[in-house]
Amino acid sequence: MSTFATTSIDIRHASLADLPAIEQLLTDADLPTAGVEEILRADAGDFFVAEAETLDQRERLLVGVAGLEVCCDNALLRSVAVRPEWRRHAVGRDLVRRIVSEAESRGLHALYLLTTTAEHYFPRFGFEPIERRDVAPEIAETVEFKSACPSSAVAMKKSLA
C-alpha cells in the first residue's frame, strides 16, 4: 500500500527551492533540464508542481511538474513529468490543464511543445502535430528546440483564444 493519499494532490507555482526535485523528476523521465534553472530564476511562477501529502501528513513530495517558457506572444509547454507511481492519478492532466489555463489568462496566441514519447497524449488537450519549420520563430530559438530535444521529436501546437 502506498504511503501517499491520492486525494491530497496540490498544484502550486514552483519556487527556486523546488529546483533539485524538479531536475530529479525530469532526469528520471529522460527529459532535458537545460534552461529550467534560468526560467525558475527569472520567474518561478512559470513552472507548476504537484505535491502529494503522506497519509500521516508528515511529508510532502513533488510528484509532478510542468513548465511554461514564454516567448513573445507564444509559449513552449515543457518539462511535463510525473513520478511513475502517480501516472494513473490524473496528475499530468491537471498540470497540463493548469499550464493551458495560465497561457490563456496571459493572452498568449499559441502553445508549442516537443515530444519523443507523448504525441498520442497531447491531442486530448487540443495540440496538433506540426512540422518543425512551422513553429513560431521565437519558439524555434529556445534551447529546447535548438539543442535539448532530438530532431526526431514531434512538434505540436495548440492555438489559444
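Higher on the page you've got the structure.
Keep in mind it's a predicted model, so treat the numbers as computed, not measured. (Residues numbered from 1 in each chain as written. Predicted model: local features only at pLDDT ≥ 70, side-chain atom pairs only at ≥ 80, totals over all residues. Heavy atoms only, no water.)

**Student:** Even after reading the chapter, I still don't get the layout of surface pockets, so can you show me in this structure?
**Tutor:** Taken as a whole, the largest pocket holds about 860 Å³ of empty space. Looking at the largest pocket, it is lined by 32 residues, and the ones nearest its centre are Val80, Thr117, Ala118, Tyr121 and Phe122. When contributions to the lining of the largest pocket are tallied by element, the ones reaching two or more residues are strand S4 (74-82), helix H3 (91-105), strand S5 (110-115) and helix H5 (143-148). By residue number, the principal contributor to the lining of the largest pocket is S4, which donates six residues. Residues belonging to the lining of the largest pocket are distributed by class as follows: 19 nonpolar, five polar and eight charged. (1 Å grid on protein atoms, 1.4 Å probe; cavity = no way out; pocket = protein on both sides within 12 Å on 5 of 7 lines; lining within 4 Å. Points joined across faces, edges and corners; volume = space filled by probe spheres on them. Helix = DSSP H or I, 4+ residues; strand = E, 2+ residues; numbered from the N terminus. Nonpolar A, V, L, I, M, F, W, Y, C, P; charged D, E, K, R; others polar.)

**Student:** What exactly am I supposed to notice about the packing of aromatic side chains here?
**Tutor:** Each aromatic ring pair is described using two quantities: the centre-to-centre distance and the angle formed by the ring planes. Inspection of every chain in the model, using the stated rule, returns four aromatic pairs. Centre to centre, the rings of Phe122 and Phe127 are 5.8 Å apart; their planes meet at 75°, and the pair counts as edge-to-face. An identical accessibility class is assigned to Phe122 and Phe127; each is buried. Among the aromatic residues, those joined into a ring-pair cluster are Tyr121, Phe122, Phe125 and Phe127. (Phe/Tyr/Trp six-rings, centres within 6.5 Å; stacked < 30°, edge-to-face > 60°. Buried < 20%, exposed > 50% of the residue type's maximum accessible area, 1.4 Å probe, protein only.)

**Student:** What exactly am I supposed to notice about the side chain of Glu69 here?
**Tutor:** Here Glu69 is to be found in strand S3 (residues 60-71). On the accessibility criterion, Glu69 (16% relative accessible area) is buried. Among the polar contacts listed, one links the side chain of Glu69 to the side chain of Arg78, at a separation of 3.2 Å. (Polar contact = N/O pair within 3.5 Å; in protein donor to acceptor, adjacent residues only side chain to side chain.)

**Student:** Hey, could you run me through the pattern of salt bridges in this one?
**Tutor:** Two side chains carrying opposite charge are able to pair once their charged atoms lie near each other. Under the definition given, this model contains twelve salt bridges. As a salt-bridge pair, Asp18 and Arg12 come within 2.8 Å of each other at their nearest N and O atoms. A salt bridge links Arg83 to Glu85; the shortest N-O distance between them is 2.8 Å. The network of salt bridges with shared partners includes Asp10, Arg12, Asp18, Glu51 and Arg60. (Salt bridge = Lys/Arg side-chain N within 4 Å of Asp/Glu carboxyl O.)

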